Amino acid sequence: MANQRPPSRIHPKVSTLPRQRTEAAHYLDLYTLTVEKKRIQQEIENLEKRRERLYARLAEIDQETDRLNGLAGTIRIQDSQRLGTNRANPDATATPSSNVFVPERPNAAHGDFNTMLLEY
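Read on for a plain summary of the structure.

### Observations regarding the overall build of the chain
Reasoning step 1: Each helix and strand in the chain was counted, giving one helix and zero strands.
Reasoning step 2: Roughly 12900 Å² of accessible area belongs to the chain as shown, and the carbon and sulfur atoms make up 56% of that amount.

Put into structure tokens, the structure is as follows:
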């Protein structure tokens with residue numbers, strides 16, 4: 001996975017004007033904390049659902065990979081039997097490689113260049 005930045009701390013919202021310390025102010029603080037708690041719980045539930053979906057998709061990918069590997073193996077065996085060999089060659093499996101084949105170019109001598117002059 002690419003570089004992930006570390007999770008930052010969630011700071012509470014700050015009001016620019018200080019409130020008077022009254023019973024109503026305490027209830028307002030209680031309400032804002034309750035709303036934030038509900039929001040965080042909902043976010044955790046969403047993350048858990050997403051995590052479950054991701055794990056289910058990983059399981060599907062593993063099953064499909066196994067199925068395709070088995071299918072490729074049976075095709076390889078069938079091809080080897082069709083060609084007359086008795087067993088499949090394990091070295092004949094196609095694996096991707098990073099070999100780069102550069103085309104050959106003739107060596108250009110210094111006198112091979114033609115000069116053209118354009119006058120305006």
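Now that the structure has been shown, we can carry on.
### With respect to a nonpolar patch on the surface
Reasoning step 1: There is a patch of nonpolar side chains on the surface, built from Leu28, Tyr31 and Val35 and spanning about 290 Å² of accessible area.
Reasoning step 2: Relative to the helices and strands, leucine 28 is located in helix α1 (residues 23–82).
Reasoning step 3: Under the relative-accessibility criterion, leucine 28 is labelled partly exposed at 36%.

### Looking at the environment of isoleucine 10
Reasoning step 1: With respect to the helices and strands, isoleucine 10 occurs in the segment before α1.
Reasoning step 2: Given a relative accessible area of 51%, isoleucine 10 falls into the exposed group.
Reasoning step 3: Once residues lying within four places of it in the same chain are set aside, the contact partners of isoleucine 10 are Glu36 and Arg39.

### Some points on α1
Reasoning step 1: Between its first and last C-alpha, α1 extends 88 Å over 60 residues, near the 88 Å set by a 1.5 Å rise per residue.
Reasoning step 2: Within the sequence span of α1, burial applies to Ala25, Gly73 and Ser80.
Reasoning step 3: Looking one or two residues beyond α1, the residue adopting positive phi is glycine 84, at roughly 100°.

### What to know about the pattern of salt bridges
Reasoning step 1: Taken as a whole and judged by the stated rule, the model has five salt bridges.
Reasoning step 2: Taking the shortest distance from any N to any O, the salt bridge between glutamate 43 and arginine 39 comes out at 3.4 Å. You can see glutamate 43 and its partner arginine 39 sitting in helix α1, four residues apart, about one turn around the helix.
Reasoning step 3: Note on arginine 39: relative accessible area 40%, which makes it partly exposed.
Reasoning step 4: Note that aspartate 79 and arginine 82 form a salt bridge whose closest N and O atoms lie 3.1 Å from each other. On the criterion of helical spacing, the pair formed by aspartate 79 and arginine 82 is a turn pair, its members being three residues apart in helix α1.

Procedures and definitions
- Residues numbered from 1 in each chain as written.
- Predicted model: local features only at pLDDT ≥ 70, side-chain atom pairs only at ≥ 80, totals over all residues.
- Heavy atoms only, no water.
- Helix = DSSP H or I, 4+ residues; strand = E, 2+ residues; numbered from the N terminus.
- Areas by Shrake-Rupley, 256 points an atom, 1.4 Å probe, with all protein chains shown as cover.
- Patch = residues over 30% accessible without salt bridge, like charges linked within 9 Å, V, L, I, M, F, W, Y side chains within 5 Å.
- Salt bridge = Lys/Arg side-chain N within 4 Å of Asp/Glu carboxyl O.
- Buried < 20%, exposed > 50% of the residue type's maximum accessible area, 1.4 Å probe, protein only.
- Contact = heavy atoms within 4.5 Å.
- Expected span 1.5 Å × (residues − 1).

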